[in-house]
Amino acid sequence: MTFELLLFYVFGAILLGAALAMISVRNPVHAALFLVVCFVSAAALWLMAEAEFLGLVLVLVYVGAVMVLFLFVVMMLDINMAKLREGFSEYLPVGLVVAAAMATVLVLVITRYITMEAPERAGPEYANTEALGAILYTEYVYSFEVAAVILLVAIIAAISLTMRRRPDNKRIDPARQIEVSREGRVRMVSMKSEDKARDSRGAERDDDPNQE
(Lines give C-alpha, C1' and ligand atoms only; values in the text may rest on other atoms or scores of the structure.)
Protein backbone atom coordinates (compact mmCIF):
# COMPACT_ATOMS: atom_id res chain seq x y z
CA MET A 1 0.00 0.00 0.00
CA THR A 2 1.41 3.35 -1.05
CA PHE A 3 1.37 6.48 1.08
CA GLU A 4 -1.06 8.19 -1.31
CA LEU A 5 -3.52 5.30 -1.05
CA LEU A 6 -3.21 5.38 2.73
CA LEU A 7 -4.06 9.09 2.75
CA PHE A 8 -7.05 8.38 0.54
CA TYR A 9 -8.43 5.81 2.98
CA VAL A 10 -7.77 8.10 5.96
CA PHE A 11 -9.51 11.14 4.47
CA GLY A 12 -12.31 8.93 3.10
CA ALA A 13 -12.94 7.45 6.55
CA ILE A 14 -12.94 10.93 8.12
CA LEU A 15 -15.38 12.14 5.46
CA LEU A 16 -17.80 9.23 6.01
CA GLY A 17 -17.60 9.52 9.80
CA ALA A 18 -18.19 13.29 9.75
CA ALA A 19 -21.12 12.89 7.34
CA LEU A 20 -22.77 10.29 9.59
CA ALA A 21 -22.18 12.46 12.66
CA MET A 22 -23.61 15.51 10.87
CA ILE A 23 -26.98 13.85 10.26
CA SER A 24 -27.14 12.09 13.64
CA VAL A 25 -26.24 14.80 16.18
CA ARG A 26 -29.04 16.77 17.81
CA ASN A 27 -27.24 20.09 18.18
CA PRO A 28 -27.41 22.12 14.93
CA VAL A 29 -24.15 23.92 15.74
CA HIS A 30 -22.34 20.59 16.09
CA ALA A 31 -23.89 19.46 12.79
CA ALA A 32 -22.53 22.56 11.05
CA LEU A 33 -19.06 21.94 12.51
CA PHE A 34 -19.13 18.34 11.30
CA LEU A 35 -20.08 19.68 7.87
CA VAL A 36 -16.90 21.79 7.97
CA VAL A 37 -14.93 18.58 8.60
CA CYS A 38 -16.66 17.01 5.60
CA PHE A 39 -15.68 19.93 3.39
CA VAL A 40 -12.04 19.86 4.51
CA SER A 41 -11.80 16.09 3.95
CA ALA A 42 -13.38 16.39 0.50
CA ALA A 43 -10.97 19.20 -0.36
CA ALA A 44 -8.05 16.96 0.60
CA LEU A 45 -9.38 14.20 -1.66
CA TRP A 46 -9.73 16.66 -4.54
CA LEU A 47 -6.15 17.81 -4.03
CA MET A 48 -5.01 14.20 -4.26
CA ALA A 49 -7.00 13.85 -7.50
CA GLU A 50 -5.09 16.84 -8.96
CA ALA A 51 -8.15 19.09 -8.78
CA GLU A 52 -6.42 21.88 -6.87
CA PHE A 53 -8.84 24.59 -7.99
CA LEU A 54 -11.91 22.71 -6.72
CA GLY A 55 -10.20 21.89 -3.43
CA LEU A 56 -9.17 25.49 -2.78
CA VAL A 57 -12.59 26.84 -3.77
CA LEU A 58 -14.26 24.34 -1.43
CA VAL A 59 -12.14 25.53 1.49
CA LEU A 60 -12.23 29.26 0.73
CA VAL A 61 -15.87 29.59 -0.33
CA TYR A 62 -17.75 26.95 1.64
CA VAL A 63 -15.63 26.60 4.78
CA GLY A 64 -14.52 30.23 4.89
CA ALA A 65 -17.76 31.98 3.94
CA VAL A 66 -20.84 29.77 3.65
CA MET A 67 -20.25 27.81 6.86
CA VAL A 68 -19.60 31.02 8.79
CA LEU A 69 -22.98 32.24 7.57
CA PHE A 70 -24.60 28.93 8.55
CA LEU A 71 -23.13 29.11 12.04
CA PHE A 72 -24.19 32.74 12.41
CA VAL A 73 -27.78 31.94 11.40
CA VAL A 74 -27.99 28.80 13.54
CA MET A 75 -26.53 30.46 16.64
CA MET A 76 -28.45 33.75 16.33
CA LEU A 77 -31.87 32.25 15.61
CA ASP A 78 -33.85 30.59 18.37
CA ILE A 79 -34.74 27.39 16.55
CA ASN A 80 -37.36 25.16 18.12
CA MET A 81 -35.91 21.71 17.40
CA ALA A 82 -38.92 19.88 18.83
CA LYS A 83 -41.17 21.60 16.30
CA LEU A 84 -38.81 20.73 13.46
CA ARG A 85 -38.89 17.04 14.35
CA GLU A 86 -42.69 16.85 14.40
CA GLY A 87 -43.01 15.95 10.68
CA PHE A 88 -40.01 13.61 10.53
CA SER A 89 -42.06 10.43 10.14
CA GLU A 90 -44.20 11.99 7.40
CA TYR A 91 -41.21 12.82 5.18
CA LEU A 92 -39.28 9.64 5.99
CA PRO A 93 -40.50 7.66 2.90
CA VAL A 94 -39.54 10.53 0.58
CA GLY A 95 -36.14 10.77 2.26
CA LEU A 96 -35.55 7.03 1.85
CA VAL A 97 -36.40 7.25 -1.86
CA VAL A 98 -33.99 10.15 -2.36
CA ALA A 99 -31.28 8.35 -0.38
CA ALA A 100 -31.76 5.20 -2.46
CA ALA A 101 -31.54 7.20 -5.70
CA MET A 102 -28.33 8.91 -4.57
CA ALA A 103 -26.83 5.60 -3.46
CA THR A 104 -27.66 4.07 -6.86
CA VAL A 105 -25.95 6.93 -8.67
CA LEU A 106 -22.88 6.62 -6.46
CA VAL A 107 -22.69 2.86 -7.05
CA LEU A 108 -22.92 3.37 -10.81
CA VAL A 109 -20.19 6.02 -10.74
CA ILE A 110 -17.91 3.89 -8.56
CA THR A 111 -18.50 0.81 -10.74
CA ARG A 112 -17.70 2.80 -13.87
CA TYR A 113 -14.61 4.22 -12.21
CA ILE A 114 -13.37 0.76 -11.28
CA THR A 115 -13.73 -0.48 -14.86
CA MET A 116 -11.92 2.62 -16.24
CA GLU A 117 -8.18 2.81 -16.58
CA ALA A 118 -6.35 5.22 -14.32
CA PRO A 119 -5.54 8.49 -16.12
CA GLU A 120 -1.97 9.51 -16.67
CA ARG A 121 -0.33 11.97 -14.35
CA ALA A 122 -0.41 15.54 -15.61
CA GLY A 123 2.79 17.45 -16.06
CA PRO A 124 3.84 20.64 -14.28
CA GLU A 125 2.56 22.77 -17.17
CA TYR A 126 -1.00 21.45 -16.78
CA ALA A 127 -3.53 23.94 -15.36
CA ASN A 128 -6.74 22.33 -14.16
CA THR A 129 -8.39 25.76 -13.78
CA GLU A 130 -8.01 26.42 -17.50
CA ALA A 131 -9.19 22.91 -18.37
CA LEU A 132 -12.21 23.24 -16.08
CA GLY A 133 -13.19 26.59 -17.60
CA ALA A 134 -12.78 25.26 -21.13
CA ILE A 135 -15.04 22.26 -20.57
CA LEU A 136 -17.50 24.20 -18.43
CA TYR A 137 -18.18 26.88 -21.05
CA THR A 138 -18.18 24.56 -24.06
CA GLU A 139 -19.53 21.08 -23.38
CA TYR A 140 -21.53 21.84 -20.22
CA VAL A 141 -22.52 25.44 -20.92
CA TYR A 142 -26.27 24.72 -20.88
CA SER A 143 -26.03 22.79 -17.61
CA PHE A 144 -24.02 25.66 -16.16
CA GLU A 145 -26.68 28.19 -17.18
CA VAL A 146 -29.48 26.04 -15.76
CA ALA A 147 -27.59 25.76 -12.45
CA ALA A 148 -27.18 29.56 -12.40
CA VAL A 149 -30.94 30.04 -12.93
CA ILE A 150 -31.73 27.55 -10.13
CA LEU A 151 -29.42 29.42 -7.76
CA LEU A 152 -31.08 32.72 -8.70
CA VAL A 153 -34.52 31.25 -7.96
CA ALA A 154 -33.24 29.94 -4.63
CA ILE A 155 -31.91 33.39 -3.69
CA ILE A 156 -35.23 35.04 -4.56
CA ALA A 157 -37.13 32.39 -2.59
CA ALA A 158 -34.90 32.90 0.46
CA ILE A 159 -35.43 36.66 0.32
CA SER A 160 -39.19 36.17 -0.04
CA LEU A 161 -39.29 33.87 2.99
CA THR A 162 -37.44 36.39 5.14
CA MET A 163 -39.72 39.25 4.04
CA ARG A 164 -42.96 37.50 4.95
CA ARG A 165 -44.91 38.79 7.92
CA ARG A 166 -45.34 36.60 10.97
CA PRO A 167 -47.23 37.47 14.14
CA ASP A 168 -44.24 36.59 16.37
CA ASN A 169 -41.72 38.53 14.31
CA LYS A 170 -40.61 41.98 15.47
CA ARG A 171 -39.93 44.32 12.60
CA ILE A 172 -39.57 48.02 11.93
CA ASP A 173 -41.60 49.93 9.35
CA PRO A 174 -39.31 52.58 7.79
CA ALA A 175 -42.29 54.44 6.31
CA ARG A 176 -43.79 55.06 9.77
CA GLN A 177 -40.40 56.17 11.09
CA ILE A 178 -40.08 58.81 8.36
CA GLU A 179 -43.59 60.17 9.02
CA VAL A 180 -42.87 60.77 12.72
CA SER A 181 -42.98 64.44 13.76
CA ARG A 182 -41.89 66.30 16.89
CA GLU A 183 -45.46 66.83 18.04
CA GLY A 184 -46.09 63.09 17.95
CA ARG A 185 -43.01 62.19 19.98
CA VAL A 186 -42.47 65.07 22.42
CA ARG A 187 -45.05 66.22 25.00
CA MET A 188 -44.52 69.36 27.06
CA VAL A 189 -45.67 69.04 30.67
CA SER A 190 -46.09 72.06 32.98
CA MET A 191 -44.92 71.43 36.54
CA LYS A 192 -44.80 73.67 39.61
CA SER A 193 -41.39 74.59 40.97
CA GLU A 194 -40.48 74.01 44.63
CA ASP A 195 -38.76 76.58 46.86
CA LYS A 196 -35.40 75.40 48.10
CA ALA A 197 -33.00 76.86 50.59
CA ARG A 198 -29.24 76.63 50.82
CA ASP A 199 -27.41 75.74 54.00
CA SER A 200 -24.25 77.36 55.23
CA ARG A 201 -22.03 75.06 53.15
CA GLY A 202 -23.84 75.94 49.92
CA ALA A 203 -25.48 72.56 49.46
CA GLU A 204 -28.98 72.68 48.02
CA ARG A 205 -31.67 70.84 49.95
CA ASP A 206 -35.46 70.76 50.33
CA ASP A 207 -37.04 73.18 52.78
CA ASP A 208 -38.20 70.51 55.19
CA PRO A 209 -38.10 71.19 58.98
CA ASN A 210 -37.76 67.47 59.78
CA GLN A 211 -34.70 67.13 57.52
CA GLU A 212 -31.38 66.98 59.32
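Every value quoted in this text rests on a predicted model; they were computed, and no experiment measured them. (Residues numbered from 1 in each chain as written. Predicted model: local features only at pLDDT ≥ 70, side-chain atom pairs only at ≥ 80, totals over all residues. Heavy atoms only, no water.)

Along the chain, Ser-41 turns up in helix α2 (residues 28–48). The exposure class assigned to Ser-41 is buried, which follows from its relative accessible area of 4%. If near-sequence neighbours (up to four positions away) are discounted, Ser-41 is found in contact with Phe-11, Ile-14 and Leu-15. (Helix = DSSP H or I, 4+ residues; strand = E, 2+ residues; numbered from the N terminus. Buried < 20%, exposed > 50% of the residue type's maximum accessible area, 1.4 Å probe, protein only. Contact = heavy atoms within 4.5 Å.)

With that out of the way, let us pick up α2. Helix length check: α2, at 21 residues, gives a terminal C-alpha distance of 31 Å against a target of 30 Å (1.5 Å per residue), a fit within 8%. Immediately downstream of α2, the backbone of Glu-50 shows phi near 65°, a positive value. (Expected span 1.5 Å × (residues − 1).)

The next subject is the packing of helix α1 (residues 3–24) against α2. Across the interface, α1 lies against α2 with an axial gap of 8 Å and an inter-helix angle of 155°. As judged from the angle between their axes, α1 and α2 are roughly antiparallel. Between α1 and α2 lies a crossing of left-handed hand. Where α1 approaches α2, its residues Glu-4, Leu-7, Phe-8, Phe-11, Gly-12, Ile-14, Leu-15, Ala-18, Ala-19, Ala-21 and Met-22 are matched on the opposing element by Ala-31, Phe-34, Leu-35, Val-37, Cys-38, Ser-41, Ala-42, Ala-44, Leu-45 and Met-48. Per-class residue counts for the contact of α1 with α2 are 18 nonpolar, two polar and one charged. (Axes fitted to C-alpha atoms, helices over the stretch in contact; angles between N-to-C directions. Parallel < 35°, antiparallel > 145°, perpendicular 65-115°, else oblique. Left-handed = near helix turned anticlockwise from the far one by under 90°. Nonpolar A, V, L, I, M, F, W, Y, C, P; charged D, E, K, R; others polar.)

Before going further, it helps to examine a nonpolar patch on the surface. Side chains of Met-1, Phe-3, Leu-5, Leu-6, Phe-8, Tyr-9, Val-10, Ile-14 and Val-37 sit close together on the surface and give an oily, nonpolar patch of about 880 Å² of accessible area. Looking at the element boundaries, Met-1 is found in the segment before α1. For Met-1, a relative accessible area of 75% puts it in the exposed group. (Patch = residues over 30% accessible without salt bridge, like charges linked within 9 Å, V, L, I, M, F, W, Y side chains within 5 Å. Areas by Shrake-Rupley, 256 points an atom, 1.4 Å probe, with all protein chains shown as cover. Salt bridge = Lys/Arg side-chain N within 4 Å of Asp/Glu carboxyl O.)

Per the stated rule, a full pass over the model turns up three aromatic pairs. Summarising the aromatic geometry, the rings of Phe-8 and Tyr-9 are spaced 5.8 Å apart at their centres and angled 65° between planes, so their arrangement reads as edge-to-face. Judged by its relative accessible area of 42%, Phe-8 is partly exposed. When its relative accessible area of 47% is taken as the criterion, Tyr-9 is described as partly exposed. (Phe/Tyr/Trp six-rings, centres within 6.5 Å; stacked < 30°, edge-to-face > 60°.)

Ranked by size, the top nonpolar core spans twelve residues in total: Ala-18, Ala-32, Leu-35, Val-36, Cys-38, Phe-39, Ala-42, Ala-43, Leu-58, Val-63, Met-67 and Leu-71. Breaking this core down by element, the ones donating at least two residues are α2 and α3 (52–76). In terms of residues, this core owes the most to one element, α2, which gives seven residues. Leave out the neighbours within four places in its chain, and Phe-39 touches Leu-58, Tyr-62, Val-63 and Met-67. (Core = buried A, V, L, I, M, F, W, Y, C linked by side-chain atoms within 4.5 Å.)

The next thing to look at is the confidence of the model for the chain. Residues at a pLDDT of 70 or more form 79% of the chain, whose mean pLDDT is 78. For the chain, per-element mean pLDDT is lowest for strand β2 (residues 204–206), which scores 49, and highest for α1, which scores 89. (pLDDT = per-residue confidence, 0-100.)

Another point: the environment of Ala-49. Mapped onto the elements, Ala-49 comes out in the loop between α2 and α3. Along the sequence, Ala-49 and Phe-8 sit 41 residues apart, while their C-alpha atoms lie 9.7 Å from each other.

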